[in-house]
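The residues making up each chain are set out below.
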Amino acid sequence: MTATISRLYNDYADAREAVRNLEAVGVEHNDINIIASNADNWYSSDRKEDTKEPFPDRDLDGKDDRAEAAGAGAGVGAAVGGTAGLLAGLGLMAIPGVGPVVAAGWLVSTLAGAAAGGAAGSVVGALTQAGVSKEDADIYAEGLRRGGAVVSARVPDADALRLQAIMDRSAVNVRERAAAYRQAGWQSFNAKETPYTADQVRKERELYMRR
């Protein structure tokens, strides 16, 4: 039997850490899913890093994947796939109410339905499909809208508690975050809401910076 564990993170960097930690302890990247806000345009298929010419940096380590591949004596695809796992497959799409996201994993096809405006493919529907309760899915979706990221992992039941602890290291406390949202007047995720701008995302993240 397997269990699906999902956690909300403040940003892609925290979610990326969770993905890499899961892969490091043997969770197959086919069993991990990531959805991360791209409201601040941090991601593109050819990310620029202080240079006039863009270069591919799928694992977002600030290094040209082509050079890394050459140094390893392998093709770009092999090198990126071997070192970045799930993160090598990130793709960009826009979700109603959330805005632009990058995603990889088994939920991408469901998210594609959300991007097309299909009710069955809503972001809340995708999260509940991943095993998140409807109440938490609303909070996770709102977290995405405000610049966050969600990681889900399908794991054996026997390993669930150990892997939950790994995912919890940099995760958001969902109960506390929901209370903060509701104190500010939020009730539930609404796909008709306007997605956050880059400036709004920056201000939102500043509210929850770890001290």
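Here the structure is a predicted model, which means the values were calculated and not measured.

1. Observations regarding the nonpolar core
- Counting 26 residues, the largest nonpolar core has L22, I34, L90 and V151 as the members making the most contacts within it.
- Of all elements in the fold, only strand 1 (2-9), helix 1 (12-24), strand 2 (32-37), strand 4 (99-104), strand 5 (149-156) and helix 7 (160-168) reach the threshold of two or more residues within this core.
- When near neighbours in sequence (up to four residues on either side) are disregarded, I34 contacts Y12, A15, R16, V19, L86, L87, L90, V102, A103, A104, V150 and V151.
- Core analysis: the next-biggest nonpolar cluster, separate from the first, contains 25 residues, I95, A126, A141 and W186 among them.

2. Description of the sheet that holds strand 5
- The strand order across the open sheet built from 5 strands is 1-5-2-4-3, with neighbouring strands paired in antiparallel fashion. On the outer flanks of this sheet lie strand 1 and strand 3 (91-95), each paired with one strand and no other. Direction aside, the axes of adjacent strands within the sheet are offset by 20 degrees on average.
- The sheet strands contacting helix 1 are strand 1, strand 2 and strand 5, and the helix crosses strand 2 at an angle near 170 degrees.
- Sitting on the sheet, helix 6 (residues 134-145) is in contact with strand 1, strand 2 and strand 5, with an inclination near 40 degrees to strand 1.

3. Overview of the packing of aromatic side chains
- Under the criterion given, the structure shown has 3 aromatic pairs.
- Each ring, one from W42 and one from Y43, has its centre 5.5 Å from the other, and the planes form 70 degrees; the classification is edge-to-face.
- Owing to a relative accessible area of 16%, W42 belongs among the buried residues under this scheme.
- Here Y181 and W186 contribute two aromatic rings whose centre-to-centre distance is 5.6 Å and whose plane-to-plane angle is 70 degrees, an arrangement assigned as edge-to-face. When sorted by exposure, Y181 lands in the same class as W186, which is buried.
- The ring of Y181 carries the charged tip of R146 above its face, separated from the ring centre by 4.0 Å.
- One residue, R154, lies across the ring of W106, its end atom 4.1 Å from the ring centre.

4. Examining the pairing of strand 5
- For strand 5, the buried fraction is high: 6 of the 8 residues fall into the buried class.
- Examined bridge by bridge, strand 1 and strand 5 share 8 bridges and lie antiparallel to one another. Looking at strand 5, one finds that T4 is bridged to R154.

5. As for empty space enclosed by the protein
- A complete count under the given rule lists 1 cavity of 30 Å³ or more for this structure.
- There is about 80 Å³ of room inside the largest cavity.
- Lining the largest cavity are L8, Y9, N10, G143, R146, G148, V172, R177, Y181, E204, R205 and Y208.
- Residue classes in the lining of the largest cavity are distributed as 5 nonpolar, 3 polar and 4 charged.

6. Focus on the confidence of the model for the protein chain
- Looking at the protein chain as a whole, the pLDDT averages 80, with 76% of positions reaching at least 70.
- Confidence, expressed as mean pLDDT per element, reaches its minimum in the protein chain at helix 3 (residues 76-84) with 38 and its maximum at helix 7 with 96.
- Scored below 50 in pLDDT, residues 64-83 makes 25 contacts in the model with residues more than four places away or belonging to other chains.

Rules behind the numbers
Residues numbered from 1 in each chain as written. Predicted model: local features only at pLDDT ≥ 70, side-chain atom pairs only at ≥ 80, totals over all residues. Heavy atoms only, no water. Core = buried A, V, L, I, M, F, W, Y, C linked by side-chain atoms within 4.5 Å. Buried < 20%, exposed > 50% of the residue type's maximum accessible area, 1.4 Å probe, protein only. Helix = DSSP H or I, 4+ residues; strand = E, 2+ residues; numbered from the N terminus. Contact = heavy atoms within 4.5 Å. Pairing = 2+ DSSP bridges. Axes fitted to C-alpha atoms, helices over the stretch in contact; angles between N-to-C directions. Phe/Tyr/Trp six-rings, centres within 6.5 Å; stacked < 30°, edge-to-face > 60°. Lys NZ or Arg CZ within 6 Å of the ring centre and 35° of its normal. 1 Å grid on protein atoms, 1.4 Å probe; cavity = no way out; pocket = protein on both sides within 12 Å on 5 of 7 lines; lining within 4 Å. Points joined across faces, edges and corners; volume = space filled by probe spheres on them. Nonpolar A, V, L, I, M, F, W, Y, C, P; charged D, E, K, R; others polar. pLDDT = per-residue confidence, 0-100.

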